[in-house]
Amino acid sequence: MSLFLTLFQDAPATEAAKVLEQVNGDMGMLWMLIAGILVFLMQAGFTLVESGMTRSKNAVNIAMKNLLDICVGSITFWLVGYSLMYGDTSNGFFFWSGLFQGEGADLFFQTMFAATTATIVSGAIAGRTKYTTYIIFSLVMTAVIYPISGGWQWQGEGWLTKLGFIDFAGSSIVHSVGGWAALVAAFMVGPRIGKYVDGKVLPIPGHNQVLATLGVFILWFGWFGFNGGSQLAWGGDDATAASNVVLITNLAAAAGGLGALITTWIWYGKPNLSQTLNGSLAGLVSITAGCGNMTAGGAVLAGLIGGIIVVFSIEFIEKKLKIDDAIGAASVHGVAGAWGTLAIGLWGVDGDTAIGLFNGGGAAQLGAQAIGVVAYAAWAIGLSFIVLAILKKTMGLRVTKEVEIEGLDISEHGSIAYPGKRQRDFEDK
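Position numbers for residues start from 1 in each chain and track the written sequence from start to end. Only residues with pLDDT of at least 70 get local features here, since the model is predicted, and only at 80 or more are side-chain atom pairs given and counted; chain-wide, interface and lining totals rely on the full set of residues. The basis for every side-chain value is the complete set of heavy atoms in the structure, and neither hydrogens nor water enter the calculation.

Caption draft 1: The pattern of salt bridges, seen in detail. A side-chain nitrogen of Lys or Arg and a carboxyl oxygen of Asp or Glu constitute a salt bridge if their distance falls within 4 Å. Applying the stated criterion across every chain yields a total of four salt bridges. One salt bridge connects Glu315 with Lys319, and the closest N-O pair in it is separated by 2.8 Å. One end of the pair is Glu315 and the other is Lys319, both in helix 11 (residues 296-319) and four residues apart, which spans about a single turn. Note on classification: 1.4 Å probe, protein chains only; a residue is buried when its accessible area is under 20% of the maximum for its type, exposed when over 50%, partly exposed between these limits. Here Glu315 falls in the buried class, since its relative accessible area comes to 12%. Relative accessible area serves as the criterion here: at 40%, Lys319 is assigned to the partly exposed category. Between Glu404 and Arg398 there is a salt bridge whose closest N-O contact spans 2.8 Å. A helix here means a DSSP run of H or I that spans at least four residues, while a strand means a run of E at least two residues long, and both kinds are numbered starting from the N terminus.

Caption draft 2: View of the environment of Ala185. Along the chain, Ala185 turns up in helix 7 (residues 171-189). Each C-alpha atom, one on Ala185 and one on Ser122, is 9.3 Å from the other, the two residues being 63 residues apart in sequence. For this analysis, residues touch if any pair of their heavy atoms sits within 4.5 Å. Contact partners of Ala185, with chain neighbours within four places excluded, come to Val121, Ile125 and Leu388.

Caption draft 3: A look at the environment of Ser243. Mapped onto the fold, Ser243 is located in helix 9 (residues 237-268). When the C-alpha atoms of Ser243 and Leu357 are compared, they prove to be 26 Å apart, with 114 residues separating the residues in sequence.

Caption draft 4: Up close: unusual backbone geometry. Residues other than glycine seldom take positive phi values, yet Asp198 does so here, at roughly 55°. For Asp198, a relative accessible area of 77% gives the class exposed. The backbone of Leu232 shows a phi angle near 65°, a positive value even though the residue is not glycine. Relative to the assigned elements, Leu232 resides in the loop between helix 8 (209-228) and helix 9. Assessed through its relative accessible area of 42%, Leu232 is described here as partly exposed.

Caption draft 5: Local environment of the packing of aromatic side chains. Between 30 and 60 degrees the pair is tilted, below 30 it is stacked and above 60 it is edge-to-face, where a pair is any two Phe, Tyr or Trp rings, Trp via its six-membered ring, whose centres lie within 6.5 Å. Enumeration over the complete set of coordinates arrives at 17 aromatic pairs. Ring centres of Trp339 and Trp347 lie 5.9 Å apart, and the angle between their planes is 65°; on these two criteria the pair is classed as edge-to-face. Of the residues examined, Trp347 reaches a relative accessible area of 14% and is grouped as buried. Of the aromatic side chains, those joined through ring pairs into one cluster are Phe93, Trp152, Trp159, Phe165, Tyr376 and Trp379.

Caption draft 6: The layout of surface pockets, seen in detail. Only protein atoms enter the 1 Å grid, on which a cavity is a set of points fitting a 1.4 Å probe that cannot get out and a pocket is an open set with protein on both sides within 12 Å along at least 5 of 7 lines, lining residues being those with an atom within 4 Å of a point. Grid points are joined across faces, edges and corners, and a volume is the space filled by probe spheres set on the points. Here the largest pocket defines a volume of roughly 660 Å³. Along the walls of the largest pocket sit 31 residues, with Pro203, Ile204, Ser274, Glu318 and Ala326 positioned nearest its centre. Taken together, the elements giving at least two residues each to the lining of the largest pocket come down to helix 8, helix 10 (273-288) and helix 11. Only Asp, Glu, Lys and Arg are considered charged in this grouping, and only Ala, Val, Leu, Ile, Met, Phe, Trp, Tyr, Cys and Pro are considered nonpolar; every other residue, Gly among them, is considered polar. Among the residues making up the lining of the largest pocket, the classes are represented as 15 nonpolar, nine polar and seven charged.

Structure, rendered in structure tokens:
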């Protein structure tokens, strides 16, 4: 900045201001591109988490679904999704400005969010879902379900925007929409064979917890772009704000991991790795809505509670509701996303102004947040149920018992992730 002032100290003030605005605009575009690239890398993280937490015989299927999501999401969001999300509106509910809208860094960055929403569903229904069915659901998710509801707040004239609802980077818009869709999908597809036997809930451990751990680190890293890039600008106050968002995000993730670690240590008698990994992810999801409206202390508290909640939620969905969510996606993204959205109404801030119930801001913001949470849950659950019900009646959702036992890698893709004896056995058939 000092160099800039030296170069332009003799220039008219208006000219210097224009140049500074141009520089900030270029830096903002660069920041969004870098952030979008970081979010793209999250697809690799999801692939490792989902495959590591499930059986090795389905690892190729998991990889194919994650690759599919970025391919389908990139095309469909460019074709119709961006317009359905950021197009013109007369009612604040539905948006449209024609096909092939959006360009450059903005379209690229927003596309990565659409792909993330679809990917959340993948892990929940791992090991027993038809690949062809998943293709269609991923298409509908990225082209219709996510974009329309995203416009309610992010388009700028949506009904939730006018209500005062806040979701800075998508705890509800991205994660809860994907999480509730994952819950519906897991319920409709049904549990994996051997998960519930004679009234007992049997664990089906993942094949590689180290891969899952690496996946969480990649997701954590990518989340700096997910949240930080949502500032949508860089330079001056925007640079300060984006930097603070990244810091806040890291604090919440760390607190979420510790929350789950401590909870499982007390509950199970030993600290559980898979639950702790989900705790860190829950901490990230919990701060995604409020990363621009939370103090550092508030972020730690939001993440910590998110990490605790996710452990109880996974246990409740698995053992009480008897819904087999293979990796806990509904809890990590749906439940933690709802919690993070509500937390803004409890101790959120707007600059130096308190807007939360517990820090003197009153109940108005909490009311707006609650309405948004319910709206996104109802939309995702309702639309997902309709789409999946149609697919169930027509194509079917689930593979046959024989295919599930053998593994989806061989039956759906003709290959396996780990060549060796099983590969020779396959070739001898």
